[in-house]
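# Geometric and topological summary
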Amino acid sequence: MHGRRIRKPPGECQDANLVDYEEGVHKFSWAEAHALLDGLPGGGLNITHEAIDRHIAGGRGERRALRWIGRDDQFRDWTYAALGAAANRFAYVLASRGVSKGDHVFTLLGRAPELYAVLLGTLKSGGVFSPLFSAFGPEPIKARMTIGEARVLVTSEAFYRRKVEPWRKELAALEHVFLTECSGSPPEGTIDLAAAMESSPAMFETVWTAPEDIALVHFTSGTTGRPKGAVHVHEAVVSHHVTGRLALDLKPDDTFWCTADPGWVTGVSYGVISPLTNGCSLIVDQAEFDVERWYRILERERVTVWYTAPTAIRMLMKAGVEIARRFDLSRLRLIASVGEPLNPEAVAWGVEAFGKPIHDNWWQTETGGIMISNFRSMDVKPGSMGRPLPGVAAGIVERHGDGSVREIETPMTKGELALRPGWPSMMRGYLHEEERYRKCFAGGWYLTGDLAMRDDEGYYWFVGRADDVIKSAGHLIGPFEVESALMEHPAVAEAGVIGVPEPTMGEVVKAFVALRNGFEPSEALRKELLGHARQRLGPAVAPKDIAFRQNLPKTRSGKIMRRLLKARELGLPEGDLSTLESEER
Ligand code: ATP
Ligand code: MG
């Protein structure tokens, strides 16, 4: 698994923003990264100013900022100037109602066209933006809005009636509710957003914000337990900007499609902020995942940089490479993925389907931006997350019982992935959870809770979440390694691997497998997969048991919930299920 390498011939990527990794790391400074942006007078910094107003002032206002594609395939375009005007109107809507700096504005909108002006307008008015995933039910919405002390909510009338109205009175802090898609006069206690926007001026002076003023609160995916509200400040825009430039190779002429929903951190940091600060044109598709639709969008919109997730790539793989080949995807310059480990099989499939590998990168809600990445100009080792961004110092460490932390220097040794704090988009806290936040730091490191290894060239290899790692007969086994081996078998579409307690071994490895189209579960196939895994991994690491599943339980952001596979296997309480995909309930 660690042997393959996809080479990038010298000269092929001379136009990349990062041509030479070592040199890029050596030359990088956060001060220079800051200097790429405008800032506000007196040392201020505001995300929307950098994403929109800077371009308008620079004469780039008439460039397209956003193409929004509706479910019916009709599209709407906004230039930077038009998106800026819409953001101004929303900023005015807030300010004229006394909503002020530091107030929390929540959205429950899905990929609605209004979302972008609401996000940018909120930040421009000095407010704190917090998106909710629109498929959440009433309870997770209420829980997050309570933690976030929401003062404003923007949602559709339908969502409001179903998901918010029943409990609204219990949330005393919630003063203003703006509705999209109003069918008539808005329900009591709500305001029609379109009408409010229409009667507002298209000019608004950015409320002065300091780099350390809170801008965003993002809730984590809840893969390992109760979601946390990670707090980010306006200074994060420095990371958003340079990581988009270096890891995603974003340039002003790019048409960029980030498929993540703006209910999650990726959909905001890279679905909106980073590409806009880099002057790109965004693609947003309101519809849900569909193989042919996605390929059609990539072709028709001439997408140049595409940022997606392993779960989507696995679904495309499931549908087969022939479909991809029916489309002209020759404009694609870079394909990147985040959110879960990307199996080597998927990286190689990218070469088959698109003529280029898929570039994995790693980060978390907490880190606010990409930390480790496969860069366009750098050789890709399938299965590796790549190397740290310039300006980011990473290490593999070991925690000791006395609270101390030791760095592990030996290559390919498993330990916890840790980062030296100091990059601009690092979270400044978990909302109302000071203790949980403090526990993330020790010995001058931020401890990520993920296990990884580093090879002798400085590439990082994901092993598993600390909570998911399996200890079997003295071995530390990462589920990812086992899942990747299973994925190499043509019958396997997805795999989730857990440890099941067993008296002599400590734990034994068990795999849950979903099959590709055209394969049926059978005892013979089960035996074949066990044999395949044993051959690939050796008896110590291979699963002792394999069970077939139609689907694996996933978070709404598409991550396999191993903790749930385990709880169900052991008959234990299932824990917080607020982010579980509904069809799995
Ligand atoms: P919670 O913290 O609530 O359990 P979560 O960790 O899934 O949820 P996110 O912040 O959305 O919430 O996800 C970050 C995590 O996703 C990382 O810590 C890591 O475990 C996983 N991850 C992200 N990108 C990658 C990647 N490229 N390879 C492997 N794992 C990844
Ligand atoms: Mg996490």
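Thresholds, definitions, all that
- Residues numbered from 1 in each chain as written.
- Chains lettered and ligands numbered in written order.
- Predicted model: local features only at pLDDT ≥ 70, side-chain atom pairs only at ≥ 80, totals over all residues.
- Heavy atoms only, no water.
- Near = heavy atom within 4 Å.
- Polar contact = N/O pair within 3.5 Å; in protein donor to acceptor, adjacent residues only side chain to side chain.
- Areas by Shrake-Rupley, 256 points an atom, 1.4 Å probe, with all protein chains shown as cover.
- Helix = DSSP H or I, 4+ residues; strand = E, 2+ residues; numbered from the N terminus.
- Nonpolar A, V, L, I, M, F, W, Y, C, P; charged D, E, K, R; others polar.
- 1 Å grid on protein atoms, 1.4 Å probe; cavity = no way out; pocket = protein on both sides within 12 Å on 5 of 7 lines; lining within 4 Å.
- Points joined across faces, edges and corners; volume = space filled by probe spheres on them.
- Domains from an automatic or database assignment.
- Contact = heavy atoms within 4.5 Å.
- Buried area = accessible area lost by both parts, 1.4 Å probe.
- Phe/Tyr/Trp six-rings, centres within 6.5 Å; stacked < 30°, edge-to-face > 60°.
- Buried < 20%, exposed > 50% of the residue type's maximum accessible area, 1.4 Å probe, protein only.
- Lys NZ or Arg CZ within 6 Å of the ring centre and 35° of its normal.
- Axes fitted to C-alpha atoms, helices over the stretch in contact; angles between N-to-C directions.
- Parallel < 35°, antiparallel > 145°, perpendicular 65-115°, else oblique.
- Left-handed = near helix turned anticlockwise from the far one by under 90°.
- Core = buried A, V, L, I, M, F, W, Y, C linked by side-chain atoms within 4.5 Å.
- Salt bridge = Lys/Arg side-chain N within 4 Å of Asp/Glu carboxyl O.

## With respect to the site of ligand 1
As a structural note, the neighbourhood of ligand 1 is formed by 22 residues, with G222, T223, T224, N361 and T365 the closest of them. One of the side-chain N or O atoms of Q364 is found 2.9 Å from an oxygen atom in ligand 1. At 2.5 Å from an oxygen atom of ligand 1 is found a side-chain nitrogen or oxygen belonging to T365. Taking 630 Å² as the accessible area of ligand 1 by itself, protein coverage stands at 96%. Looking at the shell around ligand 1, the elements with two or more residues in it are β14 (359-362) and β23 (460-465). If one sorts the elements of the shell around ligand 1 by residue count, β14 sits on top with three residues. The residue makeup of the shell around ligand 1, split by class, is six nonpolar, nine polar and seven charged.

## With respect to the layout of surface pockets
A volume near 350 Å³ is recorded for the second largest pocket. Around the second largest pocket, the lining is made up of 15 residues, and of these N17, G24, F28, R245 and L246 lie nearest the centre. Elements with a contribution of two residues or more to the lining of the second largest pocket: α1 (21-27), α2 (30-35) and α9 (236-246).

## Thoughts on the domain arrangement of the chain
With domains assigned, the chain is organised as domain 1 (21-454) and domain 2 (471-570). Its C-alpha centre places domain 1 at a distance of 31 Å from the equivalent point of domain 2. In this assembly, 23 residues from domain 1 lie in contact with 24 residues from domain 2. Note on domain 1 versus domain 2: buried area summed over both sides is about 2000 Å², and carbon and sulfur give 55% of it.

## Topic: empty space enclosed by the protein
Using the criterion set out here, one finds three cavities of 30 Å³ or more in the structure. The calculated volume of the largest cavity comes to roughly 60 Å³. Examining the composition of the lining of the largest cavity, we find that three residues originate from one element, helix α16 (residues 479-487), more than from any other. Classifying every residue of the lining of the largest cavity by side-chain character gives five nonpolar, one polar and four charged.

## Looking at the packing of aromatic side chains
In this structure the tally under the stated criterion is 18 aromatic pairs. Here the aromatic rings of F136 and W264 are separated by 6.0 Å at their centres, their planes lie at 85°, and the arrangement is edge-to-face. With F136 in the loop between β4 (128-131) and α6 (138-147) and W264 in the loop between β10 (255-258) and α10 (265-277), this residue pair connects regions lying 128 residues apart in the sequence. Residue class for F136 comes out buried when judged on its relative accessible area of 2%. Summarising the aromatic geometry, the rings of F289 and W294 are spaced 4.7 Å apart at their centres and angled 70° between planes, so their arrangement reads as edge-to-face. We classify F289 as partly exposed; its relative accessible area is 27%. A connected cluster of aromatic rings, assembled from ring pairs, spans W257, F289, W294, Y295, W306, F327, W349 and F354. Directly above the ring of F219 sits R144, whose terminal nitrogen or CZ lies 5.8 Å from the centroid. Over the aromatic face of W445 sits the side chain of R420, whose NZ or CZ is 3.7 Å from the ring centroid.

## Considering the packing of α16 against helix α17 (residues 523-537)
Between two packed helices, the angle of one axis relative to the other and the distance separating the axes together describe the packing. Running from N to C, α16 and α17 cross one another at 120°; their axes reach a closest spacing of 9 Å. By the criterion of interaxial angle, the relationship of α16 to α17 is oblique. Crossing geometry of α16 relative to α17 is assigned as right-handed. Counting all contacts with α16, which are made through E481, V482, A485 and L486, the residues of α17 involved are L529, H532, A533, R536 and L537. Partitioning the contact of α16 with α17 into residue classes produces six nonpolar, one polar and two charged.

## Let's talk about the nonpolar core
Where a protein is soluble and globular, its nonpolar side chains tend to be buried together. Counting residues in hydrophobic clusters, the biggest one holds 96 residues, and the most contacted among them are L83, L216, L248, F256, L276 and Y307. Not counting chain neighbours up to four residues away, the residues in contact with F256 comprise L248, L250, Y270, P275, C280, S281, L282, I283, V305 and Y307. V291, L329, L342 and V380 belong to the second-largest nonpolar core, a separate cluster that totals 30 residues.

## Here's the deal with the pattern of salt bridges
Per the stated rule, a full pass over the model turns up 54 salt bridges. Notably, a salt bridge pairs K251 with D15, separated by 3.9 Å at the nearest N-O pair. One end of the pair, K251, is in the loop between α9 and β10; the other, D15, is in the segment before α1, with 236 residues separating them in the sequence. Overall, the relative accessible area of 42% leaves D15 in the partly exposed class. Residues K142 and E170 are paired through a salt bridge, measuring 2.6 Å at the closest nitrogen-oxygen approach. Residue K142 is located in helix α6, and its partner E170 is located in the loop between α7 (157-164) and β6 (176-180); the two are separated by 28 residues in the primary sequence. Owing to a relative accessible area of 54%, E170 belongs among the exposed residues under this scheme. Connected via shared salt-bridge partners are R67, D73, D77, D285, R293, R296, R300 and E301.

## What about the packing of helix α3 (residues 47-57) against α10?
Packing of α3 against α10 leaves a shortest axis separation of 8 Å and a crossing angle of 50°. Between α3 and α10, the interaxial angle falls into the category oblique. The handedness of the crossing between α3 and α10 is left-handed. Judged by residue contacts, I47, E50, A51, I52, R54 and H55 of α3 engage I273, L276 and T277 from α10. A per-class count over the contact of α3 with α10 returns five nonpolar, two polar and two charged.

## Examining α3
For the α-helix, the turn length of 3.6 residues means that residues three or four positions removed from each other point alike. Burial runs high along α3: nine of the eleven residues are buried. If you check which residues of α3 are buried, you get I47, T48, H49, E50, A51, I52, D53, R54 and H55. Measuring from the backbone nitrogen of T48 back to the side-chain oxygen at the start of α3 gives 2.9 Å, which picks out N46 as the cap. Phi for G59, located one or two positions after α3, is positive at around 85°.

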